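Spelled out, the chains give:
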Amino acid sequence: MRADADDRGRSDSDPGRDPAVVGRVVHSRTLGSMVELTVLVPGWRAARSGEFAMIRLVGSRRFLPRAFSVHSERPAEAGESGTRVAFLISPVGPATIELMAASKGSEVWVVGPLGRSFDIDALSRSEIGAGERWGGAGSRLLIVAGGVGAAPFLLLLERLADRVRASAPRAAEVLVLLGFRDSPQAAVLDAFEPPLAALDALGMRARMETICEDGSFGREGLVTDLLSEELSDGDALFCCGAHAMCEAVWDLCRTREAVRAWFSLEAGMACGVGSCQGCVIPMADGRLVRVCREGPVFSGEEAFGESGHPCVVGGGGS
Amino acid sequence: MSGRAAQNIDLTTRLGPIELRHPLINASGTFDLFEVAESLGLGEGEAGTRLLLDPPFAAYVPKTVTLAPRRGNEPPRILETEAGMLNSIGLPNNGIDVFVERELPRLLGLPRPLILNVGGFSIQDYVVTVERLRRALDEQTSSRPTAAPWTERVGLELNVSCPNVHSGCMSIGADPDETAALLRAVRPLWPGLLMPKLTPNVTDIASVARAAEAAGADALSLVNTFKGLAIDRVSLRPSLGGVTGGLSGPAIKPLALRCVYEVAATVEIPIVGMGGATEVQDVVDFLACGASVVAIGCATFRDPATARRLSGELADFLHSRSLSMGDVVGAAHR
């Protein structure tokens, strides 16, 4: 740091980047009832699946930014600098509707990536009994998502492909179970085909099953219907969706042996960086923890305990 | 960005014995420097590292600490409203003993003055908490006897205005006599800057301000949030777990400016003005109404380095208008 004689918070030799940067919308793609918004973000570090960013349209009438999971990342194209970061946005309230309408060239404040991610490394270090490590020939990773909860898992599948290429520890098989409310929500599916095909080409068993609540797209039912058919002893599971869905998924996990599960949970946030204490939710042991700092990814045990835990969360992302 | 000439503008200001490099500090409870820095990353060149090396604020005001640990209010705790937000956080903290042991040492290592913030539920609570804080400061700074006394870099804000706890605090700040009694009790225990934070949820904030000044306050900070309420559209019940909450953000700026204006007209001691300041013009407005320091609150939720931008823009403003800080502070009263 420079001597403080005249420093009014500005410095010619900045020792680091600013926390909030202005990104630019480079692509907006409607996927049924959702929008995939791609923002060119300067100075972005590579995100891990489950991490989020606080984003807010420059000039928005909404006061606070909103938290969105990182959906995918692409390198900048020729003539651009930064990273192309995609977010999946579902209409929840005025702020999300505003972002969905943002056109190419719109400026967006971005703070991120933030929060605790899904952690394949921790998973692959864990023992699954009798000294055997997870990641062996029979090991499976189940991805379970509802609606816009699919967002973090596109990045996960892309990172998984990187792990296969790098011969890093990973599951022998990945199974993606996606549940949708209706067929417009299911339009997000298309984005998942390429990374699944890539995993398949790399020789990893990768499969996706979908189900739709109102029967307007394929099989009718809830994602937990799929899960109850697919879940086996010893599976690892990453889940993102509505709180009630996460609880139901955890309840199912408890009916099998040695299933480890992690959940990306949601709460209304103001700052996203641990300051305001606004996004707390109760854990199974009664502690209040911040979704932005201690989460958003929690293990099933810490979030829900040995059995389902009644947990009320304020509406996020309006 | 700022021109070279604007960089020569003198933004320094004083709050009692504490000199500030520019007039922007954070509002207590809206910016947790260590948590934000860790969130943003502490690697070389990462935003968190920069925040710790070069905090955007001229002084750092940590969250309120109370005598006993507090869990805080049940969620939901926050809600965006038109041009602002409601919060019902309820002063969660680990209590003074953990604070002096774990927080104070690293706070004293920051390259900025500190304005610690204490809340309580009775005058006795404040007395015990402030005594422990002072003892810890004497101990933790005694290893550097040649350095300037800690009173030049550590001040104390008394939170007598939290709207989200059900006893003490705001009930003290709402009453001129109680406020004066608290200050008379704490004044002999605290050798440094002593600054009560006033609530706007009163009929006549100037009378509370006068009582605080007469009882020994060195400065005043105002305003805390306005008590408000929101209804959930589905349940038709209050949205927040704490039922009522404190309203902040641009929505309250004209109300806060009025409070600062009325208080500045009646006291001689310096004022830290706050309430919805988001852009540089808001900062200028508070200064003009008589604040010599402006606290940035929930604007930091959008951008943790808001104050860095605003201090630069304030220098630009003064330069472009050929004004000094002295010309602007209190201009509305002349």
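Residues numbered from 1 in each chain as written. Chains lettered and ligands numbered in written order. Predicted model: local features only at pLDDT ≥ 70, side-chain atom pairs only at ≥ 80, totals over all residues. Heavy atoms only, no water.

### Brief notes about the overall build of chain B
Stage number 1. Helix and strand counts for chain B come out as twelve helices and 13 strands.
Stage number 2. Over its C-alpha trace chain B gives a radius of gyration of 19 Å, about what one expects of a compact globule, namely 20 Å for 334 residues.
Stage number 3. Principal-axis analysis of the C-alpha atoms places the extent of chain B at approximately 55 × 55 × 45 Å.
Stage number 4. Residue burial in chain B is summarised as follows: out of 334 residues, 61% are buried.
Stage number 5. The long-range fraction of contacts in chain B, counting pairs at least 24 apart against all pairs at least 6 apart in sequence, stands at 74%.
Stage number 6. In the form shown here, chain B has an accessible surface area of approximately 12,300 Å², with 52% of it arising from carbon and sulfur atoms.
Stage number 7. Taking the 30 positively charged and 36 negatively charged side chains of chain B as two groups, their mean positions are separated by 1 Å. (Helix = DSSP H or I, 4+ residues; strand = E, 2+ residues; numbered from the N terminus. Rg over C-alpha atoms; globule rule 2.2 N^0.38 Å. Buried < 20%, exposed > 50% of the residue type's maximum accessible area, 1.4 Å probe, protein only. Contact = heavy atoms within 4.5 Å. Areas by Shrake-Rupley, 256 points an atom, 1.4 Å probe, with all protein chains shown as cover. Lys, Arg positive; Asp, Glu negative; His and termini not counted. Charge placed at Lys NZ, Arg CZ, Asp CG, Glu CD.)

### Some thoughts on the confidence of the model for chain B
Stage number 1. In this model, chain B carries a mean pLDDT of 95, and residues with pLDDT of at least 70 account for 97%.
Stage number 2. Both scores are given for the predicted complex: the pTM is 0.93, the ipTM 0.94. (pLDDT = per-residue confidence, 0-100.)

### A closer look at the confidence of the model for chain A
Residues and elements named next belong to chain A.
Stage number 1. Per-chain confidence: chain A averages 89 in pLDDT, with 89% of residues scoring 70 or above.
Stage number 2. Overall, residues 1-13 carries pLDDT values under 50, and its contacts beyond four positions in sequence, including any with other chains, amount to 33 contacts.
Stage number 3. Here residues 308-318 is a poorly scored stretch, pLDDT under 50, and it has 35 contacts once near neighbours within four places are set aside; other chains count.

### Details of the environment of leucine 156 of chain A
Residue and element names in this part refer to chain A.
Stage number 1. Note that leucine 156 resides in helix 3 (residues 151-165).
Stage number 2. A relative accessible area of 2% means that leucine 156 is categorised as buried.
Stage number 3. Each residue touching leucine 156, except ones within four places of it in the same chain, is listed here: Ser49, Phe118, Ile120, Leu141, Ile143 and Phe238.

### Some details on the environment of valine 293 of chain B
Residues and elements named next belong to chain B.
Stage number 1. Along the chain, the position of valine 293 falls in strand 13 (residues 293-296).
Stage number 2. As a C-alpha pair, valine 293 and leucine 20 span 273 residues in sequence and 8.9 Å in three-dimensional space.
Stage number 3. Discounting chain neighbours no more than four positions away, the residues touching valine 293 are Thr13, Leu15, Leu20, Pro23, Ile25, Ile271, Val272, Gly273 and Leu287.

### Brief notes about the interface of chain B and chain A
Stage number 1. Listed by partner, the interface residues are 56 residues for chain B and 44 residues for chain A.
Stage number 2. Together chain B and chain A conceal approximately 4,300 Å² of surface at their shared face, both sides included; 53% is due to carbon and sulfur atoms.
Stage number 3. The tally of links from chain B across to chain A stands at nine salt bridges.
Stage number 4. As a salt-bridge pair, arginine 50 of chain B and aspartate 18 of chain A come within 2.8 Å of each other at their nearest N and O atoms.
Stage number 5. Those elements that place two or more of their residues in the side of chain B that touches chain A are helix 1 (4-7), helix 2 (33-40), helix 3 (47-53), strand 4 (78-81), strand 5 (84-87) and helix 11 (306-321) of chain B.
Stage number 6. Top contributing element to the side of chain B that touches chain A by residue count: helix 2 of chain B, with five residues.
Stage number 7. When grouped by side-chain class, the residues that make up the side of chain B that touches chain A number 24 nonpolar, 14 polar and 18 charged. (Buried area = accessible area lost by both parts, 1.4 Å probe. Salt bridge = Lys/Arg side-chain N within 4 Å of Asp/Glu carboxyl O. Nonpolar A, V, L, I, M, F, W, Y, C, P; charged D, E, K, R; others polar.)

### Section: the sheet that holds strand 10 (residues 226-229) of chain B
All names here are of chain B.
Stage number 1. With respect to topology, four strands assemble into an open sheet ordered 4-5-11-10, the strand pairing being antiparallel. Because the sheet does not close on itself, it has two edges, and the strands there are strand 4 and strand 10. Between one strand and the next, the sheet's axes are offset by a mean angle of 40 degrees, whatever the strand orientation.
Stage number 2. Pairing of strand 10 with strand 11 (residues 244-248), which is carried by four bridges, proceeds in the antiparallel orientation. Residue pairing for strand 11: glycine 228 is matched across the bridge by glycine 245. (Pairing = 2+ DSSP bridges. Axes fitted to C-alpha atoms, helices over the stretch in contact; angles between N-to-C directions.)

### Structural notes on unusual backbone geometry
Stage number 1. For the bond running from proline 75 of chain B to proline 76 of chain B, omega is -5 degrees, close enough to zero to count as cis.
Stage number 2. Residue position: proline 76 of chain B is located in the loop between helix 3 and strand 4.
Stage number 3. Across the junction of leucine 222 of chain B and valine 223 of chain B, the peptide omega takes the value 10 degrees, indicating a cis bond.
Stage number 4. Tracing the chain through its elements places valine 223 of chain B in the loop between strand 9 (220-222) and strand 10.
Stage number 5. The backbone phi angle of glutamine 277 of chain A is positive, close to 65 degrees, even though this residue is not glycine.
Stage number 6. With respect to the helices and strands, glutamine 277 of chain A occurs in the loop between strand 11 (260-264) and strand 12 (280-282).

### Some words on the sheet that holds strand 1 (residues 20-31) of chain A
Sheet strands line up and pair through hydrogen bonds in the backbone, either parallel or antiparallel.
All names here are of chain A.
Stage number 1. With respect to topology, six strands assemble into a closed barrel ordered 1-2-5-4-3-6, the strand pairing being antiparallel. Strand-to-strand twist across the sheet, computed as the mean angle between neighbouring axes with direction ignored, equals 45 degrees.
Stage number 2. Running over the sheet, helix 3 touches strand 4 (66-75) and strand 5 (83-89) and is turned about 30 degrees from strand 4.

### Overview of the side chain of serine 221 of chain B
Residue and element names in this part refer to chain B.
Stage number 1. By secondary structure assignment, the location of serine 221 is in strand 9.
Stage number 2. A polar contact is formed between the side chain of serine 221 and the side chain of glutamate 157, at a distance of 2.6 Å.
Stage number 3. With sequence-adjacent residues up to four places away left out, serine 221 is seen in contact with Glu157, Met195, Pro196, Lys197, Leu198, Val272 and Met274. (Polar contact = N/O pair within 3.5 Å; in protein donor to acceptor, adjacent residues only side chain to side chain.)

### Here we look at the pairing of strand 7 (residues 140-146) of chain A
All names here are of chain A.
Stage number 1. Counting buried positions over the seven residues of strand 7 gives seven, a clear majority of the element.
Stage number 2. On strand 7, burial covers both faces: Arg140, Leu142, Val144 and Gly146 on one face and Leu141, Ile143 and Ala145 on the other are all buried.
Stage number 3. Sheet analysis places strand 7 next to strand 8 (residues 173-180), joined by seven bridges and oriented parallel. Among the inter-strand pairings, leucine 141 is bridged to a residue of strand 8, identified as valine 174.
Stage number 4. A crossover connection joins strand 7 to the parallel strand 8 through helix 3; in handedness this β-α-β unit is right-handed.
Stage number 5. Relative to strand 10 (residues 236-240), strand 7 is paired through five bridges, and the arrangement is parallel. Directly across from leucine 141, in strand 10, lies its bridge partner alanine 236. (Right-handed = clockwise from strand over helix to strand, strands pointing away.)

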